[in-house]
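# Structure assessment
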Amino acid sequence: MKRIALFLAALLAFSLTGCSSSEASSEAPDADKAGTYEVIPPEDGRGDLIPASSDVATIPVLVGGGLPFTGMENLMNTNYEDGTYTYEDMTQDGSVLVVDMAFQSLRTNETVEEYAEYAARFAALDTGEGEPYDITCFQDEDYTRNLSYPVYIVWYTTGSGEDQRQWMVYTVDTEDYTYLYAFGTIADEADDMQDVFFNICGNLELVD
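These numbers come from a predicted model, not from an experiment.

### Overview of the overall build of the protein
Looking only at helices and strands, one finds seven helices and nine strands in the protein. The 208 residues of the protein split such that 47% are buried. Relative to all contacts within the protein whose residues are 6 or more apart in sequence, the contacts with residues 24 or more apart total 62%. Element-wise, carbon and sulfur atoms account for 46% of the exposed surface of the protein, whose accessible area totals about 10000 Å².

This is the structure in structure tokens:
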């Protein structure tokens, strides 16, 4: 987990812009979340609680985000000794990159809003997609109510030209751990996929 700390420590050099819950109505109206897509639970065991042992700790796990895609390529599937994890998958055509990760919270003096924006960047940095820009975020009241922790949706862009991706990152910090569920989509398909992503996020929950 040292590389997480190094990446996120470097990001503190950047000034953080505050998140505003008032942006929620313009960025993500309730109608956008209604999605009518079938959610297919993963069949590879991800999201299952890691059995307690002398070598592997257990932590609450963010589960329920079944992906409505078939034939996805797994890029990373790692469970760390402290119970944290990183999963990365990509659709066969490379249009959608999905990152599901948990790491020990690094929040210090930042507000919850500032930390959400800063931590969400690591989803792109960990995949090598480059430094995020055009960052905006808002607290989602529905997701917050479902999880009983403040949930922020962070939007940003990485890359340029054919390599440009639009990111939507579901971000929550429990004071002990930070959880990210992120979708990086090629720019041409980003708008069409928003309903799918909101539907997936609506099913996420923390399980002890």
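From this point on, the discussion continues.
### Quick notes on the confidence of the model for the protein
Chain-level statistics for the protein give a pLDDT mean of 80 and a share of 73% at 70 or above. Predicted confidence for residues 1-18 stays below pLDDT 50, and this span has 38 contacts to residues more than four positions away or in other chains. Low pLDDT, under 50, characterises residues 20-54; the stretch is placed with 63 contacts to residues that sit more than four places away or in other chains.

### Here we look at the pairing of strand E7 (residues 165-173)
The buried fraction of E7 amounts to eight of the nine residues, a majority that puts the element mostly inside the structure. Bridge count for strand E6 (residues 151-158) against E7 is eight bridges, and the pairing is antiparallel. Residue pairing across strands places tyrosine 152 opposite threonine 171, the latter belonging to E7. The loop that links E6 with its antiparallel partner E7 comprises six residues; one of these, glycine 159, has a positive phi angle of about 70°. Of the pairings in the sheet, the one linking E7 to strand E8 (residues 177-186) comprises nine bridges and is antiparallel in character. Of the residues in E8, the one forming a bridge with valine 169 is alanine 182.

### Focus: helix H7 (residues 190-201)
In a regular helix each residue adds 1.5 Å, so twelve residues correspond to 16 Å; H7 covers 16 Å between its end C-alpha atoms and thus fits that length. Buried within H7 we find Ala190, Met193, Val196, Phe197, Phe198, Asn199, Ile200 and Cys201.

### Topic: the side chain of threonine 144
By the element assignment, threonine 144 lies in helix H6 (residues 141-147). Looking at threonine 144, the relative accessible area reads 16%, which means it is buried.

### Comments concerning the packing of aromatic side chains
Per the stated rule, a full pass over the model turns up eight aromatic pairs. Seen from their ring centres, tyrosine 85 and tyrosine 87 are 5.3 Å apart, and the 20° between their planes marks the pair as stacked. Judged by its relative accessible area of 6%, tyrosine 87 is buried. Ring centres of tyrosine 181 and phenylalanine 183 lie 5.5 Å apart, and the angle between their planes is 45°; this geometry places the pair in the tilted category. Both residues of the pair, tyrosine 181 and phenylalanine 183, belong to the buried class.

### Points about the nonpolar core
Leu62, Tyr170, Tyr179, Tyr181, Phe183 and Phe197 are the most contacted members of the largest nonpolar core, which has 31 residues in total. Listing elements by their share of this core, those giving two or more residues are strand E1 (61-63), strand E3 (85-90), strand E4 (96-104), H6, E6, E7, E8 and H7. In terms of residue count, H7 provides more of this core than any other element does, six residues in total. Tyr118, Ala120, Ala124 and Cys137 belong to the second-largest nonpolar core, a separate cluster that totals 21 residues.

### Overview of the side chain of aspartate 100
Assignment of secondary structure puts aspartate 100 in strand E4. Filtering out sequence-adjacent residues up to four positions away, aspartate 100 remains in contact with Leu62, Tyr85, Thr86, Tyr87, Leu180 and Tyr181.

### Some thoughts on the layout of surface pockets
Its volume calculated, the second largest pocket comes out at about 190 Å³. As for the second largest pocket, its lining consists of 15 residues, of which Trp155, Gln166, Trp167, Ala190 and Gln194 are closest to the centre. Those elements that provide at least two residues to the lining of the second largest pocket are strand E5 (133-139), E6, E7, E8 and H7. Counting residues per element, the lining of the second largest pocket draws most heavily on H7, at four residues. Tallied by class, residues from the lining of the second largest pocket come to eight nonpolar, five polar and two charged.

Calculation notes
Residues numbered from 1 in each chain as written. Predicted model: local features only at pLDDT ≥ 70, side-chain atom pairs only at ≥ 80, totals over all residues. Heavy atoms only, no water. Helix = DSSP H or I, 4+ residues; strand = E, 2+ residues; numbered from the N terminus. Buried < 20%, exposed > 50% of the residue type's maximum accessible area, 1.4 Å probe, protein only. Contact = heavy atoms within 4.5 Å. Areas by Shrake-Rupley, 256 points an atom, 1.4 Å probe, with all protein chains shown as cover. pLDDT = per-residue confidence, 0-100. Pairing = 2+ DSSP bridges. Expected span 1.5 Å × (residues − 1). Phe/Tyr/Trp six-rings, centres within 6.5 Å; stacked < 30°, edge-to-face > 60°. Core = buried A, V, L, I, M, F, W, Y, C linked by side-chain atoms within 4.5 Å. 1 Å grid on protein atoms, 1.4 Å probe; cavity = no way out; pocket = protein on both sides within 12 Å on 5 of 7 lines; lining within 4 Å. Points joined across faces, edges and corners; volume = space filled by probe spheres on them. Nonpolar A, V, L, I, M, F, W, Y, C, P; charged D, E, K, R; others polar.

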